Amino acid sequence: MKRLALAGLLAATALNPAFADTLTVGLKSEPTAMDPQFHNLATNTQVLLNIFQGLTRQDAVQKIEPSLATEWEAVDDTTWRFTLREGVKFHNGSDFTARDVIYTYCRVPLVQNSPSSYTIFTGGFADVTAEDDHTVIIKTAAKNPLLPVELSNLPIVSADALGAEETVTYAPGGECTGMGTVPQSGDFNDPKIAAGTGPYKLEEFTRGTQLTLARNEDYWGDKPDWESVVLRPITSNGPRVAALLAGDVMVIESPPIQDVERIEGAGFTIVDALSNRIIYLAMRQDTDDAPSIEGAEGNPLRDAKVREAISLAVNRDAIAERIMGGYAKPAGELLPPPMFGTSGRAVDGYDPNKAKELLADAGYPDGFSITLGTPNDRYINDEQVAQAVAQMLTRIGIKTSVDAVTASQFFSRRNNLEFPIYLAGWGASSGEMSSPLKSLVATYDKDAGMGVTNAGRYSNPDMDETLKEAMATIDDEKRAELLAEAETMVLDDYGIIPLHYEQTVWALAPGLTYEPRVDQYTLAYEVKKAE
């Protein structure tokens, strides 16, 4: 241990960032695409925000700030005017104008095979027009007080780089004109296509090896500290820590909790913060022939008593303390209180005896067998958490096996509805309750942008109506009440089962600083050399 600590100190000294022009980062997971409209996934977003930008952006605590729009106003209940920043150029040298905004929003429904579609943000658009080159008018089908927040999740692409015609005219549902031949996600591996307005340009993307970024010397904002950035996916915890200690990388995300003390002892810096990411269980509830369930007629997960039994079988405190090493907080809601739209609902207690009674009342006194799907490289200790949940469910009679695969495989299989129950996570991109409700539990309707990540196919029409009312309510206090009411409907129905909120950890070489983010993003341009 002493030799390891000394090696770490020597490596850290050699890596003194005061003398480095290249930032090297060890990522826990690799982005699935360079297309900023392909997969609404934090792993992708945190990389692509270095390259692309939306009209608005969020700071470390998800406060909305100007970005490619300098100001905005609600003209009436369904009309918004955005004033665009002038003098901004894309990485390909073309000027940023309203045409690029219209093209971007037109392209969203045209992205093929999207695992988590960005129509969740554009599904309510009725029209998008240019008042002039630097003024965009967005009309929504219903009131949407969160539009400026949601636009932070819609990075703008270059109409010229993607081959648009001179005039692009918006129409809902992918019926725009002037789009030309729309490039698909694989095309964005070419830096000529992946032209954004951000502080870094895409230089090279070699899947499974590394992603290289070069500083945008013509960037309109504050230039980042680093001339270049190398992002390396190191999905295994041990090698990721070893790379940091050896000086191969200067920053790593999500070091194993059990290694934090060792890393600090080797002279590195640890920063952490409670995130808004909920780790949850989702259950298939729309069919009587859910896959991988044995020993029961039909689908027992359609019974609310069975779903409640599953929740009561899980010892969340034990998971937070023993598996997460205290770097997690047991969850009773889909966002940590007091975030907007939460109710302060208590965490479900651990009560295996009551869980067994509920199973018997539901007609399953002898339980049944089921397979729990999970990624093994996406969330903090995800496979270990899934294994613990499986053991807890087995103790009440639900004999559970775990099917753990890499994140890319998991998301593909999840979206193909292959799992009867699965463990996953969700970070609220808007920082309030409509994000998880709209994505995870609203009745699935891809065209309307509702339930696009609801692979359990839970459906509650009363909740849907309450959620829609909330999303069209301008008054903040009333909207918060409606969101809390909608969430309560889902949780009372055990339509989804919250487990815990992640505490996010980063490890940095000496001389570096990073402000931990609620959204868990590792943004290269925000890593600073200490003053």
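Residues numbered from 1 in each chain as written. Predicted model: local features only at pLDDT ≥ 70, side-chain atom pairs only at ≥ 80, totals over all residues. Heavy atoms only, no water.

(A) Broad picture of helix H8 (residues 304–313). Burial analysis of H8 places eight of its ten residues in the buried class, which makes it a mostly covered element. Of the residues making up H8, those classed as buried are Val306, Arg307, Glu308, Ala309, Ile310, Ser311, Leu312 and Ala313. One side-chain oxygen at the N-terminal end of H8 lies 2.8 Å from the backbone nitrogen of Lys305; it belongs to Asp303. (Buried < 20%, exposed > 50% of the residue type's maximum accessible area, 1.4 Å probe, protein only. Helix = DSSP H or I, 4+ residues; strand = E, 2+ residues; numbered from the N terminus. Polar contact = N/O pair within 3.5 Å; in protein donor to acceptor, adjacent residues only side chain to side chain.)

(B) How the structure looks around the state of the cysteines. Evaluated as defined, the whole model comprises one disulfide. A sulfur-sulfur separation of 2.1 Å characterises the disulfide bridge that pairs Cys106 with Cys176. For the disulfide bridge between Cys106 and Cys176, the dihedral angle about the S-S bond is near -90°, and by the sign convention the bridge is left-handed. One end of the pair, Cys106, is in helix H3 (residues 98–107); the other, Cys176, is in the loop between helix H5 (147–150) and strand E8 (200–206), and 70 residues separate them in sequence. (Disulfide = S-S within 2.5 Å.)

(C) Broad picture of the pattern of salt bridges. Per the stated rule, a full pass over the model turns up 20 salt bridges. Across the pair Arg81 and Glu73 runs a salt bridge whose closest N-O atoms are separated by 2.9 Å. We note a salt bridge from Asp403 to Arg413, for which the minimum N-O separation is 2.7 Å. With Asp403 in strand E16 (residues 398–405) and Arg413 in helix H12 (residues 407–415), the pair connects residues that are ten residues apart, well separated along the chain. Here Arg413 falls in the partly exposed class, since its relative accessible area comes to 22%. Through salt bridges with shared partners, a single ionic network connects Glu73, Arg81 and Glu131. (Salt bridge = Lys/Arg side-chain N within 4 Å of Asp/Glu carboxyl O.)

(D) Main features of the environment of Arg99. Tracing the backbone shows Arg99 in helix H3. The exposure class assigned to Arg99 is buried, which follows from its relative accessible area of 18%.

(E) Inspection of unusual backbone geometry at higher detail. Between Pro337 and the following residue, Pro338, the backbone shows a cis peptide bond with an omega angle of 10°. You can see Pro338 is positioned in the loop between strand E14 (328–330) and helix H10 (352–361). With a phi close to 60°, Asn113 is a non-glycine residue in the positive phi region. For Asn113, the location among the structural elements is in the loop between H3 and helix H4 (119–122). You can call Asn113 exposed: its relative accessible area is 70%. Backbone geometry at Gln520 places phi at a positive 75°, although glycine is not the residue there. For Gln520, the location among the structural elements is in the loop between strand E19 (512–513) and strand E20 (528–529).

(F) View of the sheet that holds strand E7 (residues 135–140). Pairing in this open sheet of four strands is antiparallel, and the strands run E4-E5-E7-E6 from one edge to the other. The outermost strands of the open sheet, each flanked by one partner alone, are strand E4 (69–76) and strand E6 (125–132). Neighbour to neighbour, the strand axes of the sheet diverge by 20° on average, direction disregarded. In this structure, strand E5 (residues 79–84) lies alongside E7, joined through five bridges in antiparallel fashion. In the sheet register, Phe82 faces E7, and the bridge partner there is Val136. Of the strands in this sheet, E5, E6 and E7 are in contact with H3, which crosses E6 at around 165°. (Pairing = 2+ DSSP bridges. Axes fitted to C-alpha atoms, helices over the stretch in contact; angles between N-to-C directions. Contact = heavy atoms within 4.5 Å.)

(G) Fine view of the nonpolar core. Grouped together as the largest cluster of nonpolar side chains are 90 residues, with contacts concentrated most on Leu23, Leu55 and Tyr105. In terms of residue count, the dominant contributor to this core is H3 (six residues). Contact partners of Leu55, with chain neighbours within four places excluded, come to Pro66, Ser67, Leu68, Ala69, Phe82, Leu84, Phe96, Val101, Tyr105, Leu151 and Ile156. Judged by nonpolar contacts, the second largest core, of 75 residues, contains Leu334, Ala362, Tyr364 and Ala386. (Core = buried A, V, L, I, M, F, W, Y, C linked by side-chain atoms within 4.5 Å.)

(H) Layout of the packing of aromatic side chains. By the definition in use, this model includes twelve aromatic pairs. Summarising the aromatic geometry, the rings of Phe410 and Tyr422 are spaced 6.0 Å apart at their centres and angled 65° between planes, so their arrangement reads as edge-to-face. Of this pair, Phe410 sits in helix H12 while Tyr422 sits in strand E17 (residues 421–426), and the two are twelve residues apart along the sequence. Both residues of the pair, Phe410 and Tyr422, belong to the buried class. Taken together, the ring pairs in this structure connect Tyr280, Phe410, Phe411, Phe419 and Tyr422 into an aromatic cluster. (Phe/Tyr/Trp six-rings, centres within 6.5 Å; stacked < 30°, edge-to-face > 60°.)

(I) Structural context of the environment of Thr24. Relative to the helices and strands, Thr24 resides in strand E1 (residues 22–27). Its relative accessible area of 15% is what places Thr24 among the buried residues. Taking the C-alpha atoms as reference, Thr24 lies 4.8 Å from Val249; in sequence the two are 225 residues apart.

(J) How the structure looks around the confidence of the model for the chain. Mean pLDDT for the chain: 93, with 96% of residues reaching 70 or above. Every residue in residues 1–9 is under pLDDT 50, and counting partners more than four places away or in other chains gives eleven contacts. (pLDDT = per-residue confidence, 0-100.)

(K) Looking closely at the environment of Asp519. Considering the arrangement of structural elements, one finds Asp519 in the loop between E19 and E20. Its relative accessible area of 6% is what places Asp519 among the buried residues. Excluding residues that lie within four positions of it along the chain, Asp519 makes contacts with Gln62, Asn276 and Arg277. Within the structure, the side chain of Asp519 is placed 2.9 Å from the side chain of Arg517, a separation counted as a polar contact. Among the polar contacts made by the side chain of Asp519, one reaches the main-chain amide nitrogen of Tyr521 at a distance of 3.1 Å.

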